[in-house]
Amino acid sequence: MANAIKKIGVLTSGGDAPGMNAAIRAVARKAIVSGIKVMGIKKGFQGLLNEEIFEMERNHVSEIIQRGGTVLGTARSSEFRELEGQIRAAEICRKQGIDALVIIGGDGSYRGALDLSKQGINTIGIPGTIDLDIACSEYTIGFDTAVNTAMQAIDKVRDTSSSHERCSIIEVMGRNAGYIALWCGIANGAEDILIPGKYNYNEQVIIDNIISNRKKGKTHHIIINAEGIGHSTSMARRIEAATGMETRATILGYMQRGGSPTCKDRYYASIMGAYATDILCQGKQNRVVGYQRGEFVDFDIAEALSMQKEVNSYQFEVSRLLSQ
Ligand code: F6P
């Protein structure tokens, strides 16, 4: 059967994530071997609106699998958030002869994909975000690299924190999601992990914990604070005043988004990219790719966006127990 899809576009949107390049490479290579033209769209939806579009050949995606960031660039577009922008973006796709668009990004990008699908453009989402906060997928591209980067940085802070017998508050990224904080909290053996939905903002509990740990002879105290809780610097001042233990705040910030992707990120991104092109070839429309229970799967975009995801309570309880 002749392939109905002749030309696709690919873009990355929202915050960059290590492994996005592996996904771009897989989308492009799988399409090219299937006889489909691939248009690279620079700087996300804004680049689409600016028609920053070029045909991708096989060699455009050579030597990128190991690189952090996204070779296509990314942006958060205010123009595309408006209906007028979405209508214009769909017109540009039609003018360019783009039959379908593969969008690599987080939940904001999925909302963009849904908006564009309402204007008649077939869109396929691939989960690319360090936050791991896409409900339909147990895995998001970039998370593994980000947690490993954060874990190594936290180990280093811990060394100096122990030498000085200090308390350290380390703020990790994750917008309103607590996955990076939870994973690092467990992997770094943090004494306290503060994450949205679990932390009750009772600082006295943390203070009592620090005082009791000091009495037990602990020489340092690591608090991993999720970005969604924030205010690490003022929290450090209050904790120091209440405990008498020198307390410093470290905000890890954008270093968590950079760097060469881990094997896991490259692997999952490669399969997800190929899978996205495959489902387009099968004639599927307006789907997002996910990973669940060992399988790569796909969902309707609107259905995916309506799903909810929360930090697992058992895993959170384990993190508390192990740090006692
Ligand atoms: O979504 C990824 C992420 O790094 C979040 O963890 C963070 O809150 C946000 O992006 C920061 O975005 P920006 O690049 O716009 O500052």
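My aim in this report is to walk through the structure given alongside it, one point at a time. (Residues numbered from 1 in each chain as written. Predicted model: local features only at pLDDT ≥ 70, side-chain atom pairs only at ≥ 80, totals over all residues. Heavy atoms only, no water.)

1. Details of the pairing of strand β2 (residues 37-41)
Inference 1: Summarising burial for β2: 4 of the 5 residues are buried, a large majority.
Inference 2: Bridge count between strand β1 (residues 7-12) and β2: 4 bridges; the pairing is parallel. Looking across to β2, one finds that Gly9 is bridged to Met39.
Inference 3: For the segment spanning β1, helix α1 (residues 20-33) and β2, crossover handedness is right-handed.
Inference 4: Across 3 bridges, β2 lies against strand β3 (residues 53-55) in antiparallel orientation. Of the residues in β3, the one forming a bridge with Gly40 is Phe54. (Buried < 20%, exposed > 50% of the residue type's maximum accessible area, 1.4 Å probe, protein only. Helix = DSSP H or I, 4+ residues; strand = E, 2+ residues; numbered from the N terminus. Pairing = 2+ DSSP bridges. Right-handed = clockwise from strand over helix to strand, strands pointing away.)

2. What to know about the pattern of salt bridges
Inference 1: Scanning the entire structure with this criterion turns up 14 salt bridges.
Inference 2: Of the charged contacts in the structure, one is a salt bridge between Lys30 and Asp278, with a shortest N-O distance of 2.7 Å. With a gap of 248 residues between them, Lys30 in helix α1 and Asp278 in helix α10 (residues 263-281) connect regions that are remote in the sequence.
Inference 3: Among the ionic pairs, Asp298 bridges to Arg287, the shortest N-O distance being 2.9 Å. With a gap of 11 residues between them, Asp298 in strand β11 (residues 295-300) and Arg287 in strand β10 (residues 287-292) connect regions that are remote in the sequence.
Inference 4: Residue classification places Asp298 among the buried positions, given a relative accessible area of 11%.
Inference 5: Because the salt bridges share partners, they merge into one network encompassing Arg166, Glu246 and Arg248. (Salt bridge = Lys/Arg side-chain N within 4 Å of Asp/Glu carboxyl O.)

3. Regarding the sheet that holds strand β5 (residues 122-127)
Inference 1: Judged by pairing direction, the sheet is mixed, and its 7 strands sit side by side in the order β3-β2-β1-β4-β5-β10-β11 without closing on themselves. Each edge of the sheet is formed by a strand with only one pairing partner; in this case those strands are β3 and β11. Going across the sheet, the axis of each strand differs from the next one's by a mean of 25°, ignoring polarity.
Inference 2: In this fold helix α5 (residues 107-118) packs onto β4 (100-105), β5 and β10, with an angle of close to 170° to the strand it touches most, β5. (Axes fitted to C-alpha atoms, helices over the stretch in contact; angles between N-to-C directions. Contact = heavy atoms within 4.5 Å.)

4. Observations concerning the site of the ligand
Inference 1: Near the ligand the following residues occur: Arg76, Thr129, Ile130, Asp131, Met173, Gly174, Arg175, Glu227, Tyr254 and Arg257.
Inference 2: Taking Gly174, its main chain carries an N or O atom lying 3.0 Å from an oxygen atom of the ligand.
Inference 3: Arg257 has a polar side-chain atom sitting 2.8 Å from an oxygen atom of the ligand.
Inference 4: Burial of the ligand by the protein chains amounts to 79% of its free accessible area of 400 Å².
Inference 5: Within the shell around the ligand, the residues separate by chemical class into 3 nonpolar, 2 polar and 5 charged.
Inference 6: Per-domain counts for the shell around the ligand show at least three residues from each of domain 1 (2-142 + 261-306) and domain 2 (143-258). (Near = heavy atom within 4 Å. Polar contact = N/O pair within 3.5 Å; in protein donor to acceptor, adjacent residues only side chain to side chain. Areas by Shrake-Rupley, 256 points an atom, 1.4 Å probe, with all protein chains shown as cover. Nonpolar A, V, L, I, M, F, W, Y, C, P; charged D, E, K, R; others polar. Domains from an automatic or database assignment.)

5. So, unusual backbone geometry
Inference 1: Non-glycine residue Glu51 carries a positive phi angle of around 55°.
Inference 2: With respect to the helices, strands and loops of the structure, Glu51 is situated in the loop between α2 (44-49) and β3.
Inference 3: One non-glycine residue, Glu165, lies in the positive phi region at around 50°.

6. Looking at α1
Inference 1: Here α1 is 14 residues long and its end C-alpha atoms lie 20 Å apart, about the 20 Å a rise of 1.5 Å per residue gives.
Inference 2: Of all 14 residues that make up α1, 10 are buried, and the element is covered over most of its length.
Inference 3: Positive phi shows up at Gly35, right after α1, with a value of about 80°. (Expected span 1.5 Å × (residues − 1).)

7. What about the side chain of Gln86?
Inference 1: Take Gln86: it is sitting in helix α4 (residues 83-96).
Inference 2: Gln86 sits in the buried class, given a relative accessible area of 6%.
Inference 3: Within the local environment of Gln86, its side chain forms a polar contact with the side chain of Asp115, the two groups lying 3.3 Å apart.

8. Remarks on the packing of aromatic side chains
Inference 1: Counting across every chain of the model gives 8 aromatic pairs.
Inference 2: Summarising the aromatic geometry, the rings of Tyr199 and Tyr201 are spaced 4.9 Å apart at their centres and angled 40° between planes, so their arrangement reads as tilted.
Inference 3: The buried category is assigned to Tyr199, whose relative accessible area is 12%.
Inference 4: Exposure remark for Tyr201: the relative accessible area of 55% places this residue in the exposed category.
Inference 5: Ring plane angle 65° and centroid distance 5.8 Å describe the contact between Tyr268 and Phe296, whose orientation is recorded as edge-to-face. (Phe/Tyr/Trp six-rings, centres within 6.5 Å; stacked < 30°, edge-to-face > 60°.)

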